[in-house]
Amino acid sequence: MEESTAIEPQTERGSNHFKNRNKKKKSAGKRFLQNAKGFGRKNSFGRGAELEQDEYNYFVEILEAMNGLEDADERSTMACNVYEQIREKEIKTSSNQLSSRVLENLLGFTDESTLEHLMEVFVENFRVVCCDKFASHVLQKMLFIAVVRCVGGSQPDQEEDGPAAKKMAKGELGRELEYNMGHEFGEGHRKVCGKFVKKVAKFLLNNLEDFVWDSFGNYVIRQCILNLAGIAEQKISKGESSVVKRLTVPEKWTKLINEFSLRLLAWPQFADLPYNEFTSVLLQNLLTSLARSEDKFQLAQIGEKLLNESFLKEEPPAEDDEPEAVPLPKVFQHDSSIRLLEVLLSVSSEDFLKDHLFKQLFQGKIVLLSNTRATNFAVQKLLDNIADKHLLELFFSELDAGLEEVLQQGHTGVVANLAKACNRLSCQQGKLIKLLLDALHCSDATGEKLLNSVLKLMPPEVLAKQENAPIHLHGSVILQAILEFNKPIKLVSAILETKNDSLAKIFTDPRGSFVVNAFITSKFVGEKSREKLIRHLEGCYMDLALSSHGSRALELLYGAASPTQKESIVKELSERVAQLNSKPWGVIINRKLAVDSYRKNPTAWKNGTAAAPLNDKVGKLFDKVIGGAESRKRK
């Protein structure tokens, strides 16, 4: 591997991604309001349906008032007042950009009679609102609210899906969902909501051919299918969405999903659906919904039809392609179909994935697909869902000589997912370590050189000229997976042989800090190695404590330490308490480890604290840190 082929870190989400995204959302909301005011001053009263000036100004004032309105009851009062103002003008008002935004945001806080009236109006105007650029969003929200209100009172206790969902619980959508899930709606109202959901689904089924190709109608269909499966999903911002709740829904709703599936399967143009952006996402949502409703028969039917009639078609190579290039099936020629394939890999049965998807689409093409920017994500998804050791062996037989090329291309996610698959299936682990170290030209390296080569995914000779190269996210993920292998001794030794100040620098890095999680929790890293690591870091505990990520690593180390080592950690920190308290995370360490108490009375601290684990709250923090590692690994 020459210097010119050094692997560049891929663009990844930083630790402040969600915080920055929320700031951008708030900024976008302010810009929307300012733009709305500007248009009003120019006597331009919004896109879509034209409003009267006084109406437009009214909605500008409502939108501005909503920004500081946190209380659900106050929002409910505002919602009822606003919807009363537009009575007999609901469709026109929903078709204006400004007013539709207001109506959509307030819809979830309407009372029973207001929502039921709106449902009646929209039922009479389905064809108009489904394809309207702005009214369709109000219909989507109405469908979502109807689903939640219909089934919300009969849900078992369950947590939201994933970290993103928990973050959303504190935001706008979280308040809305909490209001509609927790409010005591009458049985009659719940039935009306259920009938509305069914009417929407039936209307969309009867007009599927008209709406599938329309950008706004298509989105209504997609949301309807997801909602029928109990997937309460809302678009958060452009290009992003978060599943907030997975609801238990009536069995008759899942039968409606089956009708959508049968209707699409019967289409003469079914084979072309994966190659259009709108229809591809529709099929992705349909597969997700069928998987959620555990309709294995329909999943198998769609999977077989997609594979045989659509995916396996071959397109002639482009003019600039080399004649000897391996012809790829049509599915790999388009971004929309690749994303559909990724979803199919996630929901398919083990046998269908192994005997059909792998053999007919991937076998013989692993290196080529891994080296192509668009298709390497499909390879990653395949690795995520492999559950058969023999299949992983076949994968290795192809990638054996191509791993270095994959790393050179910068498609490091393939290697990271391969490491996770080896860990999950407990096979091919030694082979992966050998291939990886050979590809990085560090088979003979030890200690810090070996550790940094893996963490930064660069050969030692390249690292010698790029000492400040950052830790690669996938390098950290790969190392974490290797530490959980049956025999991680080579990398364990490399960590323990690295100078303690260099190790502390790694553990204070947002990506490197998660290596501590794997080292502490792996059942294949010996107790003596853990003790040696904690002892090896003596003199660097303060460096860890004064870093936000290092302080979490320090808590993990403290939790795994023996009573004597716990005292050693606290003793070192107690000698520089003022410095410890200079950082907010240092203050937290001081409180949790009772550093001040040790400084005042070491004997009392030792008798009361040294042998005790951290409190339950800290234990939960450990769980979050360790659990959060998986979500970070995937980014």
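On a predicted model such as this, the values are computed, not experimentally measured, just so you know.

*Asks:* When you look at the packing of aromatic side chains in this model, what are you seeing that I'm missing?
*Replies:* Aromatic ring pairs are reported here in terms of the distance separating the ring centres and the angle at which the planes meet. By the definition in use, this model includes eight aromatic pairs. Taking the centre distance of 6.2 Å and the plane angle of 25° together, the rings of Trp-213 and Trp-267 count as stacked. With a gap of 54 residues between them, Trp-213 in the loop between helix H12 (208–211) and helix H13 (215–228) and Trp-267 in the loop between helix H14 (251–265) and helix H15 (277–292) connect regions that are remote in the sequence. On the accessibility criterion, Trp-213 (41% relative accessible area) is partly exposed. The exposure class assigned to Trp-267 is buried, which follows from its relative accessible area of 7%. Put simply, the rings of Phe-126, Phe-196, Phe-203 and Phe-211 touch in pairs and so form one group of aromatic residues. Positioned over the ring face of Tyr-275 is Lys-330, at 4.2 Å from the centre of the ring. When the ring centre of Tyr-558 is taken as origin, the NZ or CZ atom of Lys-566, which lies over that ring, is 5.3 Å away.

*Asks:* Is there a simple way to explain the nonpolar core in this structure?
*Replies:* Inside soluble globular proteins, nonpolar side chains tend to come together where they are buried. Phe-362, Leu-392 and Leu-573 are the most contacted members of the largest nonpolar core, which totals 189 residues. The biggest single contributor to this core is helix H8 (residues 135–151), with 12 residues. In contact with Leu-392, not counting residues within four places along its chain, are Leu-383, Ile-386, Leu-418, Ala-421, Cys-422, Leu-425, Cys-427 and Gln-428.

*Asks:* Would you mind going over helix H17 (residues 335–347) with me for this structure?
*Replies:* For an α-helix the count is 3.6 residues per turn, leaving residues at separations of three or four pointing the same way. Given a rise of 1.5 Å per residue, 13 residues ought to cover 18 Å, and the 19 Å separating the end C-alpha atoms of H17 matches this to within 8%. The element H17 is largely enclosed, with a buried count of 10 among its 13 residues. Buried within H17 are the following residues: Ser-336, Ser-337, Ile-338, Leu-340, Leu-341, Glu-342, Val-343, Leu-344, Leu-345 and Val-347. Where H17 is buried, its residues touch H15, helix H16 (296–311), helix H18 (350–362) and helix H20 (376–385).

*Asks:* Explanation requested: the packing of helix H33 (residues 548–560) against helix H36 (residues 584–593) in the structure shown.
*Replies:* Between H33 and H36, whose axes approach to 9 Å, the crossing angle comes to 15°. Taken as axis vectors, H33 and H36 run roughly parallel relative to one another. Crossing angle aside, the handedness with which H33 passes H36 is right-handed. Facing Ser-548, Ser-551, Leu-554, Glu-555 and Tyr-558 of H33, the residues of H36 in contact are Trp-585, Ile-588, Ile-589, Lys-592 and Leu-593. When its residues are assigned to classes, the contact of H33 with H36 shows six nonpolar, two polar and two charged.

*Asks:* Could you clarify how one ought to interpret the state of the cysteines in this entry?
*Replies:* According to the stated counting rule, one finds zero disulfides in the structure shown. Free cysteine: Cys-150, not disulfide-bonded; nearest cysteine sulfur from Cys-193 at 6.7 Å. Of the residues examined, Cys-150 reaches a relative accessible area of 18% and is grouped as buried.

*Asks:* Got a minute to help me understand the packing of H15 against H16 in this structure?
*Replies:* Each packed pair of helices is defined by two parameters, the angle between the axes and the distance between the axes. Between H15 and H16, the shortest axis-to-axis distance is 9 Å and the interhelical angle comes to 150°. Viewed along their axes, H15 and H16 adopt a mutual orientation that is roughly antiparallel. Here the hand of the crossing between H15 and H16 comes out left-handed. Note on element contacts: H16 touches H15 through Gln-298, Leu-299, Ile-302 and Leu-306, opposite Leu-283, Leu-286, Leu-287, Leu-290 and Ala-291. Looking at the contact of H15 with H16 residue by residue, the class counts come to eight nonpolar, one polar and no charged.

*Asks:* Please clarify how the pattern of salt bridges should be interpreted in this entry.
*Replies:* When charged atoms on two side chains of opposite charge get close, those side chains can pair. In total, this model carries 13 salt bridges according to the counting rule given. Among the salt bridges present, the one from Lys-431 reaches Asp-400, with a minimum N-O distance of 3.7 Å. Here Asp-400 lies in the loop between helix H21 (389–399) and helix H22 (403–408) and Lys-431 lies in helix H24 (residues 429–439), a separation of 31 residues in the sequence. Among the residues examined, Asp-400 registers a relative accessible area of 35% and is labelled partly exposed. Among the salt bridges present, the one from Arg-599 reaches Asp-596, with a minimum N-O distance of 3.1 Å. Of this pair, Arg-599 and Asp-596 both sit in helix H37 (residues 595–600), three residues apart, which is roughly one turn of the helix. Note on Asp-596: relative accessible area 23%, which makes it partly exposed.

*Asks:* Hey, could you run me through unusual backbone geometry in this one?
*Replies:* Most peptide bonds take the trans configuration, and most residues that are not glycine carry a negative phi. Positive phi values are uncommon outside glycine, yet His-441 reaches one of about 55°. Relative to the helices and strands, His-441 is located in the loop between H24 and helix H25 (447–456). By relative accessible area, which is 32% here, His-441 ends up partly exposed. We note that Ala-594 has phi near 55°; this positive angle belongs to a residue other than glycine. Assignment of secondary structure puts Ala-594 in the loop between H36 and H37. Residue class for Ala-594 comes out buried when judged on its relative accessible area of 16%.

*Asks:* What is the right way to look at the environment of Ala-291 in this model?
*Replies:* The topology assignment puts Ala-291 in helix H15. Taking the relative accessible area as the measure of exposure, Ala-291 reaches 31% and is therefore partly exposed. Counting along the chain gives 57 residues from Ala-291 to Ser-348, while the straight-line C-alpha distance between them is 8.5 Å. With near-sequence residues (within four places) excluded, Ala-291 lies in contact with Leu-299 and Val-347.

What counts, and at which threshold
- Throughout, residues of each chain are indexed from 1 in the direction in which the sequence is written.
- Restriction of local features to residues with pLDDT of at least 70 applies here, the model being predicted, together with a cutoff of 80 or more for giving and counting side-chain atom pairs; totals for whole chains, interfaces and linings are based on all residues.
- The side-chain values count all of the structure's non-hydrogen atoms but skip hydrogen atoms and water molecules.
- Stacked, tilted and edge-to-face are the three classes applied to pairs of Phe, Tyr and Trp rings, where Trp contributes its six-membered ring and a pair requires centres within 6.5 Å; stacked means planes under 30 degrees apart, edge-to-face means over 60, and tilted covers the rest.
- Runs of E in the DSSP output that reach at least two residues are strands. Runs of H or I that reach at least four are helices, and both are numbered from the N terminus.
- The cut-offs for exposure are 20% and 50% of the maximum accessible area for each residue type, with area from a 1.4 Å probe on protein chains only; residues under the lower value are buried, those over the upper are exposed, and the others partly exposed.
- Our definition puts a charge over a ring when NZ of Lys or CZ of Arg is within 6 Å of the ring centre and also within 35 degrees of the ring normal.
- Side-chain atoms within 4.5 Å are what join buried Ala, Val, Leu, Ile, Met, Phe, Trp, Tyr and Cys residues into a set we call a nonpolar core.
- Only heavy atoms enter the contact rule, under which two residues are in contact if any of them lie within 4.5 Å.
- Given the number of residues in a helix, its expected span is that number minus one, multiplied by 1.5 Å.
- Axes here mean lines fitted to C-alpha atoms, for a helix over just the part in contact, with angles spanning 0 to 180 degrees between N-to-C directions.
- Reported orientations rely on four angle classes, namely roughly parallel under 35 degrees, roughly antiparallel over 145, roughly perpendicular from 65 to 115, and oblique for the rest.
- For any pair of crossing helices, the crossing counts as left-handed if the nearer helix is rotated counterclockwise from the farther one by less than a right angle, and right-handed if it is rotated clockwise.
- When residue character is reported, Ala, Val, Leu, Ile, Met, Phe, Trp, Tyr, Cys and Pro are called nonpolar, Asp, Glu, Lys and Arg charged, and the others, Gly included, polar.
- Sulfur atoms of two cysteines make up a disulfide when they are within 2.5 Å.
- Just to be clear on terms, a salt bridge is a Lys or Arg side-chain nitrogen sitting within 4 Å of an Asp or Glu carboxyl oxygen.

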